[in-house]
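This is what each chain is made of:
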Amino acid sequence: MDYASLIEKRRERFAEVEVLITDPNLFSDQKKASETMREHRRLKELLEMWETLQTAKTNLTENQELAKEDDPEIAELAEMEIPELEASIEDLSEKVQYALLPRDANEDRDALIEIRAGAGGDEASLFAGEVMRMYERHAEGRGWKVEHLESSPSEVGGFKEVVLKITGEEVFRYMKYESGVHRVQRVPATETQGRIHTSTCTVAVMPEADEVDFELKKEELHIQATRSGGSGGQHVNTTDSCVQITHLPTGLQVKCQDGRSQTQNREIGLQIMRTKLYEAKVREEAEKYSAQRKSLIGSGDRSEKIRTYNFPQSRVTDHRIGFTSHNIEGILSGAIDEFTENLQKKEMEHRLADAGME
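Residues numbered from 1 in each chain as written. Predicted model: local features only at pLDDT ≥ 70, side-chain atom pairs only at ≥ 80, totals over all residues. Heavy atoms only, no water.

Within the chain one finds nine helices and 11 strands. In the chain, which comprises 358 residues, the proportion classed as buried is 43%. Put simply, of all contacts in the chain between residues at least 6 apart along the chain, 61% involve residues at least 24 apart. Only carbon and sulfur atoms are counted for the fraction: they give 47% of the accessible area of the chain, which is about 19100 Å². (Helix = DSSP H or I, 4+ residues; strand = E, 2+ residues; numbered from the N terminus. Buried < 20%, exposed > 50% of the residue type's maximum accessible area, 1.4 Å probe, protein only. Contact = heavy atoms within 4.5 Å. Areas by Shrake-Rupley, 256 points an atom, 1.4 Å probe, with all protein chains shown as cover.)

Structure, rendered in structure tokens:
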């Protein structure tokens with residue numbers, strides 16, 4: 001497909017945005033200003049990639065001609081550069097294709113990540129803690145900020161449930177693939193006969209919502225203060241700081257006790273509630289997509305087993321795309337990029353097909 005006409009439209013839009021960002025009034029609305037600056041950055045990157053791609057194509061044509069020269073030295077030098085140019089053109093073409101696709105409005109958002117221990121008792125809670133730390137290290141490597149909103153520690157040092165907020169550049173774009181059931185196969189430390197146990201934890205990655213995205217109506221909420229419970233530091237069990245919020249139309253409940261005050265727990269609870277309701281709305285919209293794309297990416301189906309971490313074989317397999325890595329230690333230390341990149345590539349293939357841009 002010839003993308004020149006699409007690029008020309010982006011070039012025209014870039015010129016419009018260039019004018020917009022010079023308007024001092026733009027920054028009186030911080031949300032609009034942020035969106036405009038992000039659009040400016042994306043368009044600039046796309047146009048620069050396009051120019052680099054065109055230059056690479058020109059250089060490839062020239063080298064292919066020089067490779068036919070009678071001078072063997074010139075021909076050899078030209079021939080040597082051809083594979084590198086071809087690889088660069090293939091990579092840039094993929095990136096340009098992705099950048100030209102209609103953009104998911106949630107990709108730029110920060111994310112709330114809810115991790116729950118599943119089947120497997122204590123071992124499941126320990127695994128949930130490891131998955132949490134995997135995401136913390138991954139976020140640190142990307143320069144993102146991690147904030148603990150709520151947690152329910154287990155007696156063995158893991159977590160029954162934990163909610164993280166990750167803030168940074170395009171967090172949801174990269175983290176959305178983590179939603180689903182993560183399964184671990186290993187010999188627990190408490191196992192005396194060396195038997196391999198299977199445990200699970202469930203991950204839900206939700207694009208953070210604000211009041212503009214989803215309005216929480218007071219008459220639809222039941223907010224109740226209770227005494228905090230469980231292990232959680234000096235502030236727990238001393239005051240009625242725990243807040244439980246129920247969304248009456250859906251029955252969805254959120255309970256917060258990690259904050260230092262009832263007011264803080266209330267605000268965190270409302271943030272989590274708003275995000276969960278917004279995510280449910282987004283998932284409902286996703287039902288309109290093809291079954292193949294839903295099952296692969298971004299379906300948010302928390303019952304779907306997406307990945308297995310097999311310790312005896314040092315193997316991690318993503319079942320959606322059949323991709324396996326034997327770097328289990330590196331992955332649990334936050335190096336999940338190889339999965340993200342392969343999932344993004346597969347998603348792009350489906351989106352290009354849907355958009356008729358194959």
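The strand order across the open sheet built from three strands is S6-S7-S8, with neighbouring strands paired in antiparallel fashion. With partners counted over all chains shown, the strands left at the sheet margins are strand S6 (221-226) and strand S8 (252-256), one partner each. Going across the sheet, the axis of each strand differs from the next one's by a mean of 15°, ignoring polarity. Note that S6 and strand S7 (residues 242-247) share six bridges and pair antiparallel. In the sheet register, Leu221 faces S7, and the bridge partner there is His247. (Pairing = 2+ DSSP bridges. Axes fitted to C-alpha atoms, helices over the stretch in contact; angles between N-to-C directions.)

This part takes up the pairing of S8. Note: S7 against S8, five bridges, orientation antiparallel. Note that in S8 the partner of Val243 across the bridge is Cys256. The turn linking S7 back onto S8 is made up of four residues, and Gly251 within it adopts a positive phi angle of 80°.

In this structure the tally under the stated criterion is three aromatic pairs. Judged by centre distance (5.4 Å) and plane angle (90°), the ring pair of Phe323 and Phe339 falls under edge-to-face. Residue Phe323 is found in strand S11 (residues 323-325), and its partner Phe339 is found in helix H9 (residues 337-354); the two are separated by 16 residues along the sequence. Look at Phe323 and you get partly exposed, because its relative accessible area is 21%. Here Arg186 stacks its cationic end above the ring of Phe311, 4.8 Å away from the centre of that ring. (Phe/Tyr/Trp six-rings, centres within 6.5 Å; stacked < 30°, edge-to-face > 60°. Lys NZ or Arg CZ within 6 Å of the ring centre and 35° of its normal.)

Backbone phi values are negative for most residues with the exception of glycine, while trans is the configuration of most peptide bonds. With a phi close to 55°, Glu170 is a non-glycine residue in the positive phi region. Secondary-structure assignment places Glu170 in the loop between strand S3 (159-167) and helix H5 (171-175). The phi dihedral of Ser314 is positive, around 50°, even though this residue is not glycine. Structurally, the position occupied by Ser314 is in the loop between strand S9 (305-310) and strand S10 (315-318).

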